[in-house]
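Structure assessment
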Amino acid sequence: MNTAIQKELSQSGVLLIKLNRPEVLNAMNKDLIIGLLETFNEIKDDKKVRVIVIVGNGRGFCAGADLADGGWDMKAGTSPGEGAYQTMDQAFNPLVRAITTINKPVITAINGIAAGGGVGLALSGDLVVAAKSAKFKLVFGPQLGIISDVGSSWFVPNLIGRARANGMGLLGDDVSATQAKDWGLIWDYFEDAELLEKSLELAERLANGPVEGLKAVTKAHDNALSVSLSNQLDYERDTQRIFLDRAEYKEGVKAFIEKRKPDFRNLKEE
């Protein structure tokens, strides 16, 4: 049984995932990464799961990769670089892709420190919120002489710009939750004792919405970061062609005309 993560599904369809290695600030070893990856692969077609919330147990969200005891099976003589290539190719990178491409909104709730690869995991959520005491720290360069990974070399500059990303990456200083919000690294922060409650409230809001359409919003934003305006207009056209023929859109229009809240939970595709 994989104890590195804990899962709890509410009746409303919110899947709460807790990283469960608090004794090492939820550092990412094989069990934790594979547990997350398998979970996301299992729930992608599960209609009972509408929104996912990821939080850390204990006093930190994630301290990055477990450099002391990762648990990865490597052949004798495998160099650190080759070992990292294999684990990134087979586990870490597929996990980031699984989180960002699943057709359901993902909220990451950052309690305490998110360091190294933990920053990438934190920022892979569609909606990133944090405890007031949370801190973000890119330690790759100043501590290890390597580049940021687990997606953080993409998320950070795209969210806060090159100058601030370089400051984080070159100096490795803590970035507080208040600073992260001011910079646009996260959506919001809450008092520490309220983080999980507030995160679940946001998840409930999303779970009552047209979840695949909501996820499509963030996918459109991600696409826009790498294409021209002209190409993005084509992307909008092609995406709307699909989603305007879905039951969610029809229910939304009908509810607007009837002056009521739409019911996106009990839809049947025509």
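No experiment lies behind these values; they were computed from the predicted model shown.

Quick word on the layout of surface pockets
The volume enclosed by the largest pocket comes to roughly 1000 Å³. As for the largest pocket, its lining consists of 38 residues, of which Ala65, Ala84, Thr87, Met88 and Asp149 are closest to the centre. Secondary structure elements with two or more residues in the lining of the largest pocket: helix H2 (80–101), helix H4 (140–144) and helix H5 (152–160). Ranked by residue count, the leading element in the lining of the largest pocket is H2, at 10 residues. Estimates place the volume of the second largest pocket at around 600 Å³. Taken together, 24 residues line the second largest pocket, and the ones lying closest to its centre are Gly125, Asp126, Leu127, Thr218 and His221. Counting residues per element, the ones that place at least two in the lining of the second largest pocket are strand S7 (127–131), H5 and helix H9 (211–224).

What about the pattern of salt bridges?
The full count for this structure, using the stated rule, is 13 salt bridges. Arginine 21 is paired through a salt bridge with aspartate 66; the nearest N and O atoms lie 2.9 Å apart. Linking arginine 21 in the loop between strand S2 (14–19) and helix H1 (30–43) with aspartate 66 in the loop between strand S4 (60–62) and H2, this pair joins segments that are 45 residues apart in sequence. The same class applies to arginine 21 and to aspartate 66, which are both buried.

Reading the values: the criteria
Sequence order as written defines the numbering, with residues in each chain counted from 1. The predicted origin of the model limits local features to residues at a pLDDT of at least 70 and limits the giving and counting of side-chain atom pairs to 80 or more, whereas totals for whole chains, interfaces and linings rest on all residues. Only heavy atoms go into the side-chain values, all of them from the structure, while hydrogens and water stay out. Using a grid of 1 Å spacing that covers the protein atoms alone, one calls a set of points a cavity when a 1.4 Å probe fits there but cannot get out, and a pocket when the set is open and has protein on both sides within 12 Å along at least five of seven lines; lining residues are those with an atom within 4 Å of a point. Grid points are joined across faces, edges and corners, and a volume is the space filled by probe spheres set on the points. Secondary structure follows DSSP: runs of H or I at least 4 residues long count as helices, runs of E at least 2 residues long count as strands, and numbering of each begins at the N terminus. One speaks of a salt bridge when a side-chain nitrogen belonging to Lys or Arg is within 4 Å of a carboxyl oxygen belonging to Asp or Glu. Burial status follows relative accessibility: with a 1.4 Å probe on protein chains alone, a residue under 20% of its type maximum counts as buried, one over 50% as exposed, and anything between as partly exposed.

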